[in-house]
Amino acid sequence: MQIYADNAGTTKMSRTAIDAMLPYMETYYGNPSSLHTVGQEAAEALAQARAEMAAILGCEPREIIFTSGGSEADNQAIFSAAAIGEKKGKKHIISTAFEHHAVLHTLKRLEKQGFDITLLDVHENGLVTPEQVRDAIREDTCLVTIMYVNNEIGTIQPIREIGAVCREKGVLFHTDAVQAVGHIPVNVKDDNVDMLSLSGHKFRGPKGIGALYVRKGIILTNLIEGGAQERGKRAGTENIPAIMSMVAALKEAVDHMDENTKKVQALRDKLIAGLAEIPHCALNGDATHRHPGNVNFCFEGIEGESLLLLLDAKGICASSGSACTSGSLDPSHVLLAIGRVHDVAHGSLRLSLNEENTEAEVDYMLEEIPKVVEYLRNMSPVWKDLINGKRQFIL
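As the structure is a prediction and not an experimental result, all values here were calculated from the model. (Residues numbered from 1 in each chain as written. Predicted model: local features only at pLDDT ≥ 70, side-chain atom pairs only at ≥ 80, totals over all residues. Heavy atoms only, no water.)

Asks: Help me out: how do you make sense of the packing of aromatic side chains in this one?
Replies: When we look at a pair of aromatic rings, we describe it by the centre distance and by the angle of the planes. In total, this model carries three aromatic pairs according to the counting rule given. Measuring from ring centre to ring centre gives 5.9 Å for F297 and F299, while their planes differ by 15°; the resulting arrangement is stacked. Side by side, F297 and F299 carry an identical accessibility label, which is buried. Considering the side-chain rings of W383 and F393, the 5.5 Å spacing of their centres and the 70° angle between planes classify their relative orientation as edge-to-face. One end of the pair, W383, is in helix α14 (residues 381-387); the other, F393, is in the segment after α14, and 10 residues separate them in sequence. Given a relative accessible area of 12%, W383 falls into the buried group. The ring of F115 has K91 lying over it, and the distance from NZ or CZ to the ring centre is 4.9 Å. (Phe/Tyr/Trp six-rings, centres within 6.5 Å; stacked < 30°, edge-to-face > 60°. Buried < 20%, exposed > 50% of the residue type's maximum accessible area, 1.4 Å probe, protein only. Helix = DSSP H or I, 4+ residues; strand = E, 2+ residues; numbered from the N terminus. Lys NZ or Arg CZ within 6 Å of the ring centre and 35° of its normal.)

Asks: What is the right way to read unusual backbone geometry from this model?
Replies: With the exception of glycine, most residues fall at negative phi, and the peptide bonds are largely trans. The backbone phi angle of R204 is positive, close to 75°, even though this residue is not glycine. Residue position: R204 is located in the loop between β7 (195-199) and β8 (210-214). Positive phi outside glycine occurs at R231, with the angle close to 55°. Along the chain, R231 falls in the loop between β8 and α8 (240-255).

Asks: Hey, could you run me through the pattern of salt bridges in this one?
Replies: A side chain with one charge may pair with a side chain of the opposite charge, provided their charged atoms come close. Within the structure shown, the criterion is met by 25 salt bridges. One salt bridge in this structure joins D116 and R138, with 2.9 Å as the shortest N-O distance. Taken together, the positions of D116 in strand β4 (residues 116-120) and R138 in the loop between α6 (130-136) and β5 (141-145) put the pair 22 residues apart, joining distant regions of the chain. You can call D116 partly exposed: its relative accessible area is 34%. Its relative accessible area of 36% is what places R138 among the partly exposed residues. Note that E356 and R204 form a salt bridge whose closest N and O atoms lie 3.3 Å from each other. Taken together, the residues span a long stretch of sequence, with E356 in the loop between β12 (348-352) and α13 (359-379) and R204 in the loop between β7 and β8 at a distance of 152 residues. On the basis of relative accessible area, E356 is assigned to the partly exposed category, the value being 43%. Salt bridges sharing partners connect three or more residues here, namely K314, E367, E368 and K371. (Salt bridge = Lys/Arg side-chain N within 4 Å of Asp/Glu carboxyl O.)

Asks: How should I be thinking about the sheet that holds β4 in this particular structure?
Replies: In any sheet, the strands associate via hydrogen bonds between backbone groups, in a parallel or an antiparallel arrangement. A sheet is described by the order of its strands in space; here seven strands give the open sequence β2-β8-β7-β6-β5-β3-β4, paired in mixed fashion. Every other strand in the sheet has two partners, leaving β2 (64-67) and β4 as the edge strands with one partner each. This sheet shows a mean twist of 20° between the axes of neighbouring strands, independent of strand direction. Where strand β3 (residues 92-96) lies against β5, three bridges are found, and the strand directions are parallel. Paired with I93 across the strands is L143, a residue of β5. Helix α3 (residues 37-57) rests against β2, β7 and β8 of the sheet, and its axis sits at about 115° to β2. Packed on one face of the sheet, helix α4 (residues 70-87) meets β2, β3, β5, β6 (172-176), β7 and β8 and runs near 165° to β7. (Pairing = 2+ DSSP bridges. Axes fitted to C-alpha atoms, helices over the stretch in contact; angles between N-to-C directions. Contact = heavy atoms within 4.5 Å.)

Below, the structure is given as structure tokens:
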């Protein structure tokens, strides 16, 4: 059995998304900036896609900028807010310690340019409170950027309440909603959001395409100079096939959100309950305010990389909090942020489900994962020390 349980990493494109892309590769292939008929057909499709995405997010079409994905959208939002703040003499930015690296690395770059960055501590349950944000805002704060749903532990932040605090204080608010859009209800007006990033391949659309919502009146800083595409804020011929595919995938995800959520949550809860029976393990992140398909555990006494490789041999595609794919031995910064110690954070496993997963697949994972954990523990000197009392159990 082959099981794909890494949907937070990327998703398989839906048939709807693929079918939506093909006409704009074969028939309506024009450049939307061209004045001839073929170009204007593409321009009409682009306008339609922008209007459909805006309707889903609760904003105006002109407030949508198409990008290459979530990382570019994060960068443009943060650099733009920083530029606006700097002109007003405000160079303080608030974020959290467990943001995606597209945010954290951008903030690090701004720090080198003289900005003061406050990274809020994350509670053990993986949540940030509006009170923390309120207490951190200063007279020179120009931006608060907090992710909607954490990509590793799946916690859903109180975005609407945090946005309300920012509105009250007159501070721009950006959210990286890459893991949220298409999976939970998102409305930028109701959520008091000024800028929002999303990425198509997280909700069964294509890779390499995303969008940035920018509230009307906010002046963006260009990351790419050139032509006048995207209202002059993102140069380069628009990727019409990918845009049409992404919007079709998003519309499909939103139209079926209720039924998909009900199914996926049931699978998630069954998987969590079964894995929780493994001795000396812990669920990472809040059990209630959680992405419908996210399951993230730490297992004491093992290494996440070994766990992934053995699970892959069993046909289970998963991911770990350990940054093994980057050649780093450091554990996940997200798990460290919620208070997991290094030794425990190394032994993490993230399983992310979607509507394509089945109960039979969950049953198989519940059969195989405990076996693999036990096998790795029997090989581990650390586990032997724990069992023999030479070390103290943490979990």
